[in-house]
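Structure assessment
Listed here are the chains, written in short residue letters.
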Amino acid sequence: MSEEMFPEPEWLSEEVKTGTTIIAVTFDGGVVLGSDSRVSAGESVVNRVMNKLSPLHDKIYCALSGSAADAQTIAEIVNYQLDVHSIEVEDDPLVCSAATLVKNISYKYKEELSAHLIVAGWDRKKGGQVYATLSGLLTRQPFAIGGSGSFYINGFVDAEYRKNMTKRECQEFVVNALTLAMGRDGSSGGVAYVVTIDKDGAEEKCVLGNELPKFFDQ
């Protein structure tokens, strides 16, 4: 009787997912990563301020989408492996090495895991780099977007992206793209997390909702 009167909420049995918007863009001298902060389970929002930009090493980060648990687990494993690798070679790891580790795990456990990670960072050999990884795919791109909100901004990023943008232009581009996606995608929202990486290191920033840019329909 009590179970019929007080049924279990659907979100308790739903997988927790970062229905999300993630983006990484190269600029002249480094990369900028960005993400929203909303985490959902079914139609319920279970976390409003999750940082989906996870460090893999000092100058290498990844942006998480898909199952929150799966994506975070991959990031933690790769972070550990890169720490060991950097000790062995006595140098900072390459961005491509980090992306390859993510790709290998994603492919090996593609039947069990539901996660898509964008890997980006700076290294001494190739400078700023962005890699998309998905179920064994590994491709280097000038920019990459992912998550449920990315469908709403494909046209925007294609039209507005320019090669060799300055750091400031790239940061504005990322924040504008996230704002547009968060305004249209019900699974994206909250605040915007932004990480800028260049030869000097990584700089993290949180842009609150009332600090996001306004567009004509808002």
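Residues numbered from 1 in each chain as written. Predicted model: local features only at pLDDT ≥ 70, side-chain atom pairs only at ≥ 80, totals over all residues. Heavy atoms only, no water.

As named in an unreviewed UniProt entry, the protein chain is Proteasome subunit beta, taken from Onychostoma macrolepis. Of the comments in the UniProt record for the protein chain, the one headed Catalytic activity (unreviewed entry) reads "Cleavage of peptide bonds with very broad specificity." (UniProt positions renumbered as here; feature names shortened; annotations may be inferred.)

Let's shift gears to the overall build of the protein chain. Counting its secondary structure elements, the protein chain contains five helices and 13 strands. Within the protein chain, the fraction of its 218 residues that count as buried is 46%. Long-range pairs, those at least 24 residues apart, make up 65% of the contacts in the protein chain between residues at least 6 apart in sequence. When the accessible surface of the protein chain is totalled, it reaches about 11400 Å², and 49% of it is carbon and sulfur. (Helix = DSSP H or I, 4+ residues; strand = E, 2+ residues; numbered from the N terminus. Buried < 20%, exposed > 50% of the residue type's maximum accessible area, 1.4 Å probe, protein only. Contact = heavy atoms within 4.5 Å. Areas by Shrake-Rupley, 256 points an atom, 1.4 Å probe, with all protein chains shown as cover.)

End to end, helix α2 (residues 68-89) covers 32 Å across 22 residues, agreeing with the expected 32 Å (1.5 Å per residue, within 8%). Within α2, burial applies to Ala68, Asp70, Ala71, Ile74, Ala75, Val78, Leu82 and Ser86. On an axial view of α2, the arc spanned by its buried residues comes to 155°, and they lie on one face. Along α2, the residues that are exposed and aim more than 90 degrees away from the buried face are Glu76, Tyr80, Ile87 and Glu88. The positive-phi residue at the C-terminal boundary of α2 is Glu90, with phi of around 55°. (Expected span 1.5 Å × (residues − 1). Arc of directions from axis to C-beta.)

On to the UniProt feature "active site" (unreviewed entry) in the protein chain. Mapped onto this numbering, the UniProt entry gives "active site" (unreviewed entry) at Thr20. Along the polypeptide, Thr20 turns up in the loop between β1 (16-18) and β2 (22-27). Beyond its immediate chain neighbours, meaning those up to four positions away, Thr20 contacts Asp36, Lys52, Leu64, Ser65, Gly146, Gly147, Ser148, Gly149, Asp185, Ser187 and Ser188. Among the polar contacts made by the side chain of Thr20, one reaches the side chain of Lys52 at a distance of 2.8 Å. (Polar contact = N/O pair within 3.5 Å; in protein donor to acceptor, adjacent residues only side chain to side chain.)

Attention shifts here to the pattern of salt bridges. Enumeration over the complete set of coordinates arrives at six salt bridges. Note that Asp91 and Arg124 form a salt bridge whose closest N and O atoms lie 3.2 Å from each other. Residue Asp91 is found in the loop between α2 and α3 (95-108), and its partner Arg124 is found in the loop between β8 (115-123) and β9 (127-134); the two are separated by 33 residues along the sequence. Under the relative-accessibility criterion, Asp91 is labelled partly exposed at 32%. Glu169 is paired through a salt bridge with Arg162; the nearest N and O atoms lie 3.2 Å apart. Judged by its relative accessible area of 33%, Glu169 is partly exposed. Taking the relative accessible area as the measure of exposure, Arg162 reaches 42% and is therefore partly exposed. (Salt bridge = Lys/Arg side-chain N within 4 Å of Asp/Glu carboxyl O.)

Here the focus is the sheet that holds strand β12 (residues 192-198). The strand order across the open sheet built from five strands is β11-β2-β3-β12-β13, with neighbouring strands paired in antiparallel fashion. Edge positions in the open sheet fall to β11 (143-146) and β13 (201-207), since each of these has one partner strand only. Averaged over all pairs of adjacent strands, the angle between their axes in this sheet comes to 15°, without regard to strand direction. In terms of strand pairing, β12 meets β13 through seven bridges, oriented antiparallel. Each residue of the ladder has a partner; that of Tyr193, found in β13, is Cys206. Along the sheet, helix α5 (residues 167-184) contacts β2, β3 (30-35), β12 and β13; its crossing angle with β2, the most-contacted strand, is approximately 160°. (Pairing = 2+ DSSP bridges. Axes fitted to C-alpha atoms, helices over the stretch in contact; angles between N-to-C directions.)

Before going further, it helps to spend a moment on the packing of aromatic side chains. Tallying each qualifying case throughout the model produces three aromatic pairs. Residues Phe143 and Tyr161 carry aromatic rings whose centres are separated by 4.9 Å and whose planes lie at 45° to one another, so their mutual orientation is tilted. One end of the pair, Phe143, is in strand β11; the other, Tyr161, is in the loop between α4 (154-160) and α5, and 18 residues separate them in sequence. For the residue pair Phe143 and Tyr161, the accessibility class agrees, reading buried in each case. By the ring-pair criterion, three or more aromatic residues cluster together here, those being Phe143, Phe156, Tyr161 and Phe173. Here Lys110 stacks its cationic end above the ring of Tyr107, 4.1 Å away from the centre of that ring. (Phe/Tyr/Trp six-rings, centres within 6.5 Å; stacked < 30°, edge-to-face > 60°. Lys NZ or Arg CZ within 6 Å of the ring centre and 35° of its normal.)

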